[in-house]
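# Close look at the chain arrangement
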Amino acid sequence: ILFLLGYFTKSTAVFLILPALLVFAIGYKKVILILTDKRLYFYTLIFVLLIAGYYFLREQQDPGHFNVVFHSEFLRVYEKVMHWHVQPFSFYFDIIYDRENTYGFYLSVLLLIPFFSFSSTKYKKVVVLLFVAILANLLFISMPPVKLEWYPAPIYPMWALMNAVM
């Protein structure tokens, strides 16, 4: 339901959290459990049918709408559909470090050393998975040539949680 509401709110941007969810599924060894759960496929089918139904109805009301959405949302993964938003691969890393989260970056670096120097803590796995999820998300959104400044938004709650746990 949340993915459906997210899709109707911001379209394909709802999928930006999937790399982080995949990292946690792998980290907690739940991939097989998730992939063998019939509910995943049932709800995915419902999701796809509802989205397809929406686009079908919308196309009836506004012919050509799907082509605009397809061009702007789906093709930007591998084509430069919005030339004014084309940025280098390092774009998100640069804005996070230079503009949006400079102090959070330094805080993370300062906290990493004492956190991992402790002999054992039950939270190391959570911190490692959060860190990998953040990196996976950044790599996932950095691959397409078209980049929007708000795409790294899903990493900030994970980053804050990582710093809080450390």
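Please read all numbers here as calculations on a predicted model, not as lab measurements. (Residues numbered from 1 in each chain as written. Predicted model: local features only at pLDDT ≥ 70, side-chain atom pairs only at ≥ 80, totals over all residues. Heavy atoms only, no water.)

## A short note on the side chain of serine 142
Rules: Numbering of helices and strands runs from the N terminus, with a helix taken as a DSSP run of H or I at least four residues long and a strand as a DSSP run of E at least two residues long. Here the term buried applies to any residue with accessible area under 20% of the maximum for its type, exposed to any over 50%, and partly exposed to those in between, with areas from a 1.4 Å probe on protein chains only. Polar contacts, as used here, are pairs of N or O atoms within 3.5 Å; protein pairs need one atom able to donate a hydrogen and one able to accept it. Residues neighboring in sequence count only if both atoms are side-chain atoms. Residues are treated as being in contact if the distance between any of their heavy atoms lies within 4.5 Å.
Along the chain, the position of serine 142 falls in helix α8 (residues 124-142). For serine 142, a relative accessible area of 1% corresponds to the buried category. A polar contact of 2.6 Å, which involves the side chain of serine 142, links it to the backbone oxygen of leucine 138. Every residue in contact with serine 142, bar those within four places of it in the chain, is listed here: Phe89, Tyr92, Phe93 and Lys147.

## Examining the nonpolar core
Stated formally: Definition of nonpolar core: a set of buried residues of the types Ala, Val, Leu, Ile, Met, Phe, Trp, Tyr and Cys, connected through side-chain atoms within 4.5 Å.
Within the largest apolar cluster, 23 residues are counted, with the highest numbers of intra-cluster contacts made by Tyr92, Ile134, Leu138, Ile155, Met158 and Met162. Among the secondary structure elements, those contributing two or more residues to this core are α2 (18-27), α6 (91-100), α8 and α9 (155-165). Sorting elements by how many residues they give to this core places α8 first, with 7 residues. Residue contacts for isoleucine 155: discarding those within four places in its chain leaves Ile96, Ile134, Asn137 and Leu138.

## Digging into a nonpolar patch on the surface
Counted only if it meets this: Patch building starts from residues that exceed 30% relative accessible area and form no salt bridge, then joins like charges within 9 Å and nonpolar side chains (Val, Leu, Ile, Met, Phe, Trp, Tyr) within 5 Å. The protein chains shown are the only cover counted for residues, whose accessible areas, like all others here, come from Shrake-Rupley with a 1.4 Å probe. By definition here, a salt bridge exists when the distance from a side-chain nitrogen of Lys or Arg to a carboxyl oxygen of Asp or Glu is within 4 Å.
A contiguous nonpolar surface patch, about 370 Å² in accessible area, is contributed by Phe116, Val128, Phe131, Val132 and Leu135. Counting residues per element, the nonpolar patch draws most heavily on α8, which supplies 4 residues. When you line up the elements, leucine 135 lands in helix α8.

## Comments concerning the layout of surface pockets
Note the threshold: Only protein atoms enter the calculation, which uses a 1 Å grid: trapped sets of points that fit a 1.4 Å probe without letting it out are cavities, open sets showing protein on both sides within 12 Å along at least five of seven lines are pockets, and any residue with an atom within 4 Å of a point is a lining residue. Grid points are joined across faces, edges and corners, and a volume is the space filled by probe spheres set on the points. Under the scheme applied, nonpolar residues are Ala, Val, Leu, Ile, Met, Phe, Trp, Tyr, Cys and Pro; charged residues are Asp, Glu, Lys and Arg; polar residues are all the others, including Gly.
Considered as a void within the structure, the largest pocket measures approximately 760 Å³ in volume. Every residue lining the largest pocket is counted, 19 residues in all, and those nearest its centre are Phe3, Leu18, Leu21, Leu40 and Thr44. Going through the elements one at a time, α1 (2-10), α2, α3 (31-35) and α4 (38-61) are the ones with two or more residues in the lining of the largest pocket. In terms of residue count, α4 provides more of the lining of the largest pocket than any other element does, 8 residues in total. Looking at the lining of the largest pocket residue by residue, the classes come out as 17 nonpolar, 1 polar and 1 charged.

## Quick word on the packing of α4 against helix α5 (residues 65-74)
Here is the rule we go by: Axes here mean lines fitted to C-alpha atoms, for a helix over just the part in contact, with angles spanning 0 to 180 degrees between N-to-C directions. Throughout this description, any angle smaller than 35 degrees is read as roughly parallel, any larger than 145 degrees as roughly antiparallel, any in the 65 to 115 degree range as roughly perpendicular, and the remainder as oblique.
The interhelical angle for the contact between α4 and α5, taken along N-to-C directions, is 125°, at an axis separation of 8 Å. One finds that α4 runs oblique with respect to α5. On α5, the residues that touch Tyr55, Arg58 and Glu59 of α4 are His65, Phe66 and Val69. Looking at the contact of α4 with α5, its residues break down into 3 nonpolar, 1 polar and 2 charged.

## Considering the packing of aromatic side chains
Put simply, the test is: Geometry of aromatic contacts follows a simple scheme: Phe, Tyr and Trp rings, the Trp one being its six-membered ring, pair when their centres are within 6.5 Å, and the pair is stacked under 30 degrees between planes, edge-to-face over 60, tilted otherwise.
A complete count under the given rule lists 18 aromatic pairs for this structure. Geometrically, the ring pair formed by phenylalanine 15 and phenylalanine 47 is edge-to-face, given 6.1 Å between the ring centres and 70° between the ring planes. Note that phenylalanine 15 is positioned in the loop between α1 and α2 and phenylalanine 47 in helix α4, a separation of 32 residues in sequence. A relative accessible area of 16% places phenylalanine 47 in the buried class. Residues tyrosine 97 and tyrosine 106 carry aromatic rings whose centres are separated by 5.9 Å and whose planes lie at 75° to one another, so their mutual orientation is edge-to-face.

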